[in-house]
Amino acid sequence: MLIDYTEAQLRALLDAIYQRYSYDFRDYSTPSQRRRLNHALGRLHCSSIEELQAKVLNDAGAFGQLLQMLTVPVTEMFRDPAFFLALREQVVPVLKTYPSPKIWVAGCCTGEEALSLAIILHEEGLLERSLIHATDINPVVLDKARLGVYPLMHMHDYGANYMAAGGLGSLEEYYTVEHATARFDSRLLDRINFADHSLATDSVFAETQLICCRNVLIYFNKTLQDRALGLFHESLCHRGFLGLGSKESTNFSAFATQFEQQPGPEKLYRKRAQFGAQRPETRHKPRQHAQRDEAIPGNRHDE
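Residues numbered from 1 in each chain as written. Predicted model: local features only at pLDDT ≥ 70, side-chain atom pairs only at ≥ 80, totals over all residues. Heavy atoms only, no water.

I'm lost on the nonpolar core in this one. Help?
Core analysis: the largest hydrophobic core is formed by 45 residues, its most contacted members being Leu 37, Leu 52, Leu 66, Leu 199, Phe 232 and Leu 242. Elements represented by at least two residues in this core include exactly helix 1 (7-21), helix 2 (30-43), helix 3 (49-58), helix 4 (60-70), strand 1 (102-106), strand 7 (208-213), helix 10 (222-235) and strand 8 (236-244). A total of six residues in this core trace back to one element, the largest contributor, which is helix 4. The residues touching Leu 66, leaving out its near neighbours within four places in the chain, are Ile 17, Leu 37, Ala 40, Leu 44 and Val 56. Counting residues in hydrophobic clusters, the runner-up holds 43 residues, among them Phe 84, Tyr 162, Phe 184 and Leu 210. (Core = buried A, V, L, I, M, F, W, Y, C linked by side-chain atoms within 4.5 Å. Buried < 20%, exposed > 50% of the residue type's maximum accessible area, 1.4 Å probe, protein only. Helix = DSSP H or I, 4+ residues; strand = E, 2+ residues; numbered from the N terminus. Contact = heavy atoms within 4.5 Å.)

Help me understand the sheet that holds strand 4 (residues 175-178) in this model?
Note on sheets: strands pair through backbone hydrogen bonds, and any given pair is parallel or antiparallel. Spatially, three strands are ordered 3-5-4 in an open sheet, and the strand pairing comes out antiparallel. Here the strands that pair on one side only, and so sit at the sheet edges, are strand 3 (149-151) and strand 4. The mean angle between the axes of side-by-side strands here comes to 30°, regardless of whether they run parallel or antiparallel. Both strand 3 and strand 5 (residues 181-184) contribute to a ladder of three bridges, which runs antiparallel. In the sheet register, Val 149 faces strand 5, and the bridge partner there is Arg 183. (Pairing = 2+ DSSP bridges. Axes fitted to C-alpha atoms, helices over the stretch in contact; angles between N-to-C directions.)

Could you clarify how one ought to interpret helix 4 in this entry?
Every α-helix carries 3.6 residues per turn, so stepping three or four residues along brings you back to the same face. Those residues of helix 4 that fall on the buried side of the exposure criterion are Ala 62, Phe 63, Gly 64, Leu 66, Leu 67, Met 69 and Leu 70. Contact partners of the buried residues in helix 4: helix 1, helix 2, helix 3 and helix 7 (139-147). Two or three places before Gly 61, at the start of helix 4, stands the capping residue Asp 59, its side-chain oxygen 2.9 Å from that residue's backbone nitrogen. (Polar contact = N/O pair within 3.5 Å; in protein donor to acceptor, adjacent residues only side chain to side chain.)

Honestly, the sheet that holds strand 8 in this entry has me stumped. Any pointers?
Taken in spatial order, the seven strands of this open sheet run 6-2-1-7-8-10-9, and their pairing is mixed. Two strands bound the open sheet, and with one partner strand each, they are strand 6 (192-196) and strand 9 (259-261). Pairwise comparison of adjacent strand axes, ignoring direction, gives a mean angle of 20° for this sheet. When strand 2 (residues 131-136) meets strand 6, the two strands line up parallel, connected through five bridges. Looking across to strand 6, one finds that His 133 is bridged to Asn 193. Against the sheet, helix 10 engages strand 1, strand 7, strand 8, strand 9 and strand 10 (268-271), with an angle of about 140° to strand 8.

Mind showing me how you'd approach helix 10 here?
The end-to-end C-alpha distance of helix 10, which contains 14 residues, comes to 20 Å, matching closely the 20 Å that a straight helix rising 1.5 Å per residue would cover. Across the 14 residues that make up helix 10, a large majority, ten, are buried. Leu 224, Asp 226, Arg 227, Ala 228, Leu 229, Gly 230, Leu 231, Phe 232, His 233 and Ser 235 are the residues of helix 10 that are buried. Looking at the buried side of helix 10, the elements it contacts are strand 1, strand 7, strand 8, strand 9 and strand 10. (Expected span 1.5 Å × (residues − 1).)

What exactly am I supposed to notice about the packing of helix 5 (residues 81-95) against helix 6 (residues 112-123) here?
Each pair of packed helices can be summarised by the angle the axes make with each other and by the distance between the axes. Direction vectors running N to C along helix 5 and helix 6 enclose 55°, while the axes themselves pass 11 Å from each other. Compared by their axis directions, helix 5 and helix 6 come out oblique. Crossing hand, helix 5 versus helix 6: right-handed. Across the interface between the two elements, Phe 84, Leu 87, Arg 88, Val 92 and Leu 95 of helix 5 pack against Glu 113, Ser 116, Leu 117, Ile 120, Leu 121 and Glu 123 of helix 6. (Parallel < 35°, antiparallel > 145°, perpendicular 65-115°, else oblique. Left-handed = near helix turned anticlockwise from the far one by under 90°.)

I tried to follow the packing of helix 1 against helix 3 on my own but got confused; where do I start?
Closest axis-to-axis distance for the helix 1/helix 3 pair is 10 Å, and the angle between their directions is 5°. By the angle class used here, helix 1 and helix 3 are roughly parallel. Contact with helix 1, carried on its side by Gln 9, Ala 12, Leu 13, Ala 16, Ile 17, Arg 20 and Tyr 21, involves Ile 49, Glu 50, Leu 52, Gln 53, Val 56 and Leu 57 of helix 3 and no other residues of that element. Classifying every residue of the contact of helix 1 with helix 3 gives nine nonpolar, two polar and two charged. (Nonpolar A, V, L, I, M, F, W, Y, C, P; charged D, E, K, R; others polar.)

Where do I start with the pattern of salt bridges in this structure?
Any two side chains of opposite charge can pair, so long as their charged atoms come close to each other. Counted under the stated rule, the structure contains 15 salt bridges. The partner of Glu 124 in a salt bridge is Lys 96, with the nearest N and O atoms 3.2 Å apart. Separated by 28 residues along the polypeptide, Glu 124 in the loop between helix 6 and strand 2 and Lys 96 in the loop between helix 5 and strand 1 bring together distant segments of the chain. Here Glu 178 makes a salt bridge to Arg 183, at a shortest N to O gap of 3.0 Å. Within this structure, Arg 11, Asp 15, Asp 24 and Arg 26 form a network of salt bridges that share partners. (Salt bridge = Lys/Arg side-chain N within 4 Å of Asp/Glu carboxyl O.)

So far we have only geometry, and geometry alone does not tell us how the molecule works.
Structure below.
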């Protein structure tokens, strides 16, 4: 059953969540939020948005459940294989020119995309001198990502994606079977730093040569899209690369002129050379990492 509520009620809930937990959903896409909140109202047995607000503000456990519904835990290994093939053919040769390439996977979810990149780097002889920063705001998915354990039933499809993405061997070489799960090798996971980071509130933390943020911006409104692209532009080194999802683009953003799309249909961009050009103005909010990190029971502090 759909429960109706006004824009003001929605804003009040999101403001309250930000003030209480430092998770900022205020600039997420409204249609997507409404779908997820309607689902949450039923799952948390609330008959109104006001009841939901009172529940999550007074019960951190209930907010932890709501967080799982407000975020988008959907991913797979080598998703859109043509994109990963383009990375291998167009980006990896440039990464090889750096002594210590650094890659940022923003919105990493349970880690499948970061692992996919680690496999490519391994096969191209780059993994041992590279570091992948994989970030998300959801502590539950980050803990799953650190384990590198996935349902075995997914490996057939992941293996097909791997081969279509230009894999040089077999995906089975990178995991061991444990009951009904596949545990990926520590040689891959050791080169990935899974950490809490919010594109809505946090700042740049490292210079990178490649950023992948795929199928994340579609859940943001234009204000937050511009903020995220601003972080990526600031983080990327001279002529660094940016990978977006198939339905995402830098076009019509505040940074449309700051990136150029690479040849081909994949949403792979390169930062334009800067010759005294000013960076577009974007809204930057105070960094709230520590407060957000402490908000959810069981969140880890080993970064």
